[in-house]
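Okay, here's what each chain looks like letter by letter:
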Amino acid sequence: MAHYALLNDQNVVVQVITGRDETDLPDGIDDWENYYGAFHGLICRRTSYNTYGNQHLDGGTPFRANYAGIGYTYDPDQDAFIAPEPPDAIGFDEQTLTWILPEPELEP
């Protein structure tokens, strides 16, 4: 089972769907991204449920930096999904492709 992000014309994720594995190619289909994109009339990019912060959670190879969510932006130059900027973000980590948040204040 694979997951696919459907993007609007500004590369913003509008839906994430579960689909066929990229290697499960029946006759007549050679690319699931193209198939799902054409079926939904949107741009489609595969996303990895096990990738966050540009690391694979099971120790594998990270794929597209972060699992896509609605409102995320797909950056084609980095081939990565990036979350919307939180209002309290203090920066962006170029290695993990995630927003940097302030440390929570600890009460004495």
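The rules behind the values
- Note on numbering: residues in each chain are counted from 1, in written sequence order.
- Totals for whole chains, interfaces and linings use every residue, but because this is a predicted model, local features are given only for residues with pLDDT of at least 70 and side-chain atom pairs only at 80 or more, for both listing and counting.
- Only hydrogens and water are set aside; all other atoms, that is, all heavy atoms of the structure, feed into the side-chain values.
- Between any two strands, at least two bridges found by DSSP are needed for them to pair.
- Secondary structure elements are defined from DSSP: runs of H or I of at least 4 residues count as helices, runs of E of at least 2 residues count as strands, and each element is numbered from the N terminus.
- A fitted line through C-alpha atoms serves as each axis, taken over the contacting stretch for helices, and the angle formed by two N-to-C directions is quoted from 0 to 180°.
- For our purposes a nonpolar core is just a set of buried Ala, Val, Leu, Ile, Met, Phe, Trp, Tyr and Cys residues, chained together by side-chain atoms within 4.5 Å.
- When a residue's accessible area, from a 1.4 Å probe over protein chains only, is under 20% of the maximum for its type it is buried; when over 50% it is exposed; and in between it is partly exposed.
- Contact between two residues is taken to exist if any of their heavy atoms lie within 4.5 Å; hydrogens are not considered.
- For this document, the term salt bridge refers to a Lys or Arg side-chain nitrogen within 4 Å of an Asp or Glu carboxyl oxygen.
- In this analysis, rings of Phe, Tyr and Trp, with Trp reduced to its six-membered ring, are considered paired at centre separations within 6.5 Å, and the interplanar angle assigns stacked below 30 degrees, edge-to-face beyond 60, and tilted for intermediate values.

Chemist: I'd like a description of the sheet that holds strand β1 (residues 2-7), backed by residues and values.
Modeler: In spatial order, the strands read β2-β1-β3; together these three strands make up an open sheet with antiparallel pairing. On the outer flanks of this sheet lie β2 (13-19) and β3 (43-47), each paired with one strand and no other. Across the sheet, the mean angle from the axis of one strand to that of its neighbour is 30°, orientation sign disregarded. Bridge count between β1 and β3: five bridges; the pairing is antiparallel. Bridged to Y4 within β3 is R46.

Chemist: Tell me what's going on with the nonpolar core, and back it up with residues and numbers.
Modeler: Ranked by size, the top nonpolar core spans eight residues in total: A2, Y4, L6, I17, I29, W32, Y36 and C44. Those elements giving two or more residues to this core turn out to be β1 and α1 (32-40). The residues contacting Y36, other than those within four sequence positions of it, are Y4, L6, I17, G19, R20 and C44. Ranked by size, the runner-up nonpolar core spans seven residues in total, among them A5, A68, Y74 and F81.

Chemist: Quick rundown of the pattern of salt bridges? Include the residues and the values.
Modeler: Following the criterion strictly, the structure yields four salt bridges and no others. The salt bridge partner of R64 is E33, with a shortest N-O separation of 2.8 Å. Here the residue R64 occupies a position in the loop between β5 (55-56) and β6 (73-75), and E33 occupies one in helix α1, the gap between them amounting to 31 residues. Each of the two residues, R64 as well as E33, counts as buried.

Chemist: Before we move on, can you summarise the packing of aromatic side chains with the specific residues and values?
Modeler: Scanning all chains against the criterion turns up eight aromatic pairs. Here the aromatic rings of W32 and Y35 are separated by 5.2 Å at their centres, their planes lie at 90°, and the arrangement is edge-to-face. Residue W32 and its partner Y35 are both found in helix α1; the two are separated by three residues, about one turn of the helix. A residue is classified by how much of its surface remains accessible, and W32, at 5% relative accessible area, is buried.

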